[in-house]
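So you can see what is in the structure, the chains are spelled out below.
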Amino acid sequence: MKKRKIYKKKRYAIPIAILVVVFVARLLLPTLVKNYVNNVLADIPGYYGQVKDIDISLIRGAYVIHSLYLNKQEAKSQVPFIAIKKTDISIQWKALLNGKIVSELDLEEPSFIYVFEDHKKQDSTDIDDWSKALTNLVPIDINHLTIKNGKIGFVEINTNPNVDLHLNSINLQAANLKNVAQKSRNLPSTLTATAVSIGNGKVLLDGKMDLVKEIPDIDISLSLENADAKALNSFTNHYAGIDFSEGNFGLYSEIAIADGYLTGYFKPILKDAKLINKEDGFFETIWEGFVGFFKFILKNQKQNTLATKIPVQGDLTNVKTKIFPTVTNIFKNAWVSAFKDKVDDNIEFEDAEKGADKNKKKQKKK
């Protein structure tokens, strides 16, 4: 009887002990993961950062990072280089049906602010250090990416006024990044994004990709519409010495990349623009008059637009803009036919493939 009682006690004691161990491990796991993440951020050369808290969801196969930030150690501005309110990393369960173990990454209110003065000494190894470290925080390959209410900015603080270019309210969806589904397609991954630019311009990005390749294949279109030109004054004043009192700015582009060869264009359009008349010194007045004169003769008088179309083409190691077509397109817009404020839809992925084939033949001849 005593042996039977001892056996019964052992039979219950073992599962209870296991439950206790699992329970304690579950309590300690968030702290252990938090310490691991903070150590990863602390080990990035030239940077410092930390996370506020981490939650673990074993049922979802996920962990959530709260308030991550990263900045340069020598930064004078103290503006966080990268700040993310919430990072949700989880297993993409539906991908298991395709025999793949991949993850979903949801970023809530991520902010990427590049302060020019803080990054003057940055080189490629610097970028590799922090980008690889952040990627390593996701233990499984990312197949689906979501960005909610993000921000990207470029700032120069040692100018008067300060240069501040940014995109706000970035919402992005990128799916099938690891080609789990639709494996037969040339460009199996999809990308869509919207944002608001400075001057309340509307930004729309749409495209397809193949990121599994060593050099990704890409076919994307981009439009920025109806941005208030006055919002560009900090930039145009610093780099060109001009300010706008009125006007709208737009930018339209298509880019295709195949086997490392790029083809596409950028089409900037300035509409209903007027310059501010300022009481400057003699040389500044001459410069503004010069700019105003060329603005007048290069403007399409009927549509009141100043625009051009800038073709870009070449191997990614040596992409070139075509100067002559860019200049002639200014006159074409002014004197022949005004460019339309929309994406032209005349760049196809096949154009990049043909360019890549021609480029390979040239390389063989050399």
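No experiment lies behind these values; they were computed from the predicted model shown.

Here is what the cut-offs are and how they apply
- Residues numbered from 1 in each chain as written.
- Predicted model: local features only at pLDDT ≥ 70, side-chain atom pairs only at ≥ 80, totals over all residues.
- Heavy atoms only, no water.
- Helix = DSSP H or I, 4+ residues; strand = E, 2+ residues; numbered from the N terminus.
- Pairing = 2+ DSSP bridges.
- Core = buried A, V, L, I, M, F, W, Y, C linked by side-chain atoms within 4.5 Å.
- Buried < 20%, exposed > 50% of the residue type's maximum accessible area, 1.4 Å probe, protein only.
- Phe/Tyr/Trp six-rings, centres within 6.5 Å; stacked < 30°, edge-to-face > 60°.
- Contact = heavy atoms within 4.5 Å.
- Expected span 1.5 Å × (residues − 1).
- Salt bridge = Lys/Arg side-chain N within 4 Å of Asp/Glu carboxyl O.

Account for the environment of S111, with residues named and values stated.
Along the polypeptide, S111 turns up in strand β4 (residues 103–115). In this structure, the C-alpha to C-alpha distance between S111 and Y69, residues 42 residues apart in sequence, is 9.1 Å.

Outline the pairing of strand β9 (residues 217–228), listing residues and values.
Along a regular strand, successive side chains alternate from one face of the sheet to the other. Direction of pairing for strand β8 (residues 202–210) relative to β9: antiparallel, over a ladder of 9 bridges. In the sheet register, L204 faces β9, and the bridge partner there is S223. Two successive antiparallel strands, β8 and β9, enclose a turn made up of 6 residues. Where β9 lies against strand β10 (residues 244–258), 9 bridges are found, and the strand directions are antiparallel. Bridging from a neighbouring strand, D228 pairs with N248 of β10.

Before we move on, could you go through the nonpolar core and cite the residues and values that matter?
Of all hydrophobic cores here, the largest spans 38 residues; its most connected members are L41, I54, Y63, L68, I82, W130 and L145. L187, A256, A258 and A307 belong to the second-largest nonpolar core, a separate cluster that totals 12 residues.

Go over the packing of aromatic side chains with me, naming the residues and quoting the values.
The tally for this structure, following the rule as stated, stands at 5 aromatic pairs. Aromatic pair Y48 and Y69: ring centres 6.2 Å apart, planes at 80°, arrangement edge-to-face. Within this pair, whereas Y48 is found in strand β1 (residues 47–57), its partner Y69 is found in strand β2 (residues 62–72), the two being separated by 21 residues in sequence. Y69 gets classed as partly exposed once you look at its relative accessible area, which sits at 27%. Taking the centre distance of 4.8 Å and the plane angle of 55° together, the rings of F81 and F112 count as tilted. Of this pair, F81 sits in the loop between β2 and β3 (82–91) while F112 sits in strand β4, and the two are 31 residues apart along the sequence. The class for F81 is buried, based on a relative accessible area of 1%. Taken together, the aromatic side chains of Y47, F81 and F112 make up a single cluster linked through ring pairs.

I'd like to hear about the side chain of N143, residue by residue, with values.
Tracing the sequence through the fold places N143 in strand β5 (residues 142–156). Beyond its immediate stretch of four places on either side in the chain, N143 contacts Q92, V102, S103, A174, A175, N176, L177, K178, N179 and V180.

Tell me what's going on with helix α6 (residues 349–365), and back it up with residues and numbers.
The end-to-end C-alpha distance of α6 is 25 Å, a good match for the 24 Å that 17 residues give at a rise of 1.5 Å each. Lining the buried residues of α6 we find β9, β10, β11 (261–275) and β13 (310–315).

Give me unusual backbone geometry: which residues, what numbers.
Although it is not a glycine, N200 adopts a positive phi angle of roughly 55°. Mapped onto the elements, N200 comes out in the loop between β7 (189–197) and β8. Among the residues examined, N200 registers a relative accessible area of 66% and is labelled exposed.

Describe the pattern of salt bridges, with residues and values.
Across all of its chains, the model carries 9 salt bridges by this definition. Notably, a salt bridge pairs E246 with K274, separated by 4.0 Å at the nearest N-O pair. Of this pair, E246 sits in strand β10 while K274 is found in strand β11, placing the two residues 28 residues apart along the sequence. With relative accessibility at 38%, the residue E246 sits in the partly exposed group. The salt bridge partner of K267 is D344, with a shortest N-O separation of 2.7 Å. Placement of the pair is K267 in strand β11 and D344 in the loop between α5 (323–336) and α6, with a sequence separation of 77 residues. Judged by relative accessible area, D344 falls into the partly exposed class, the value being 27%. Through salt bridges that share partners, K213, D217, D259 and K360 make up one connected network.

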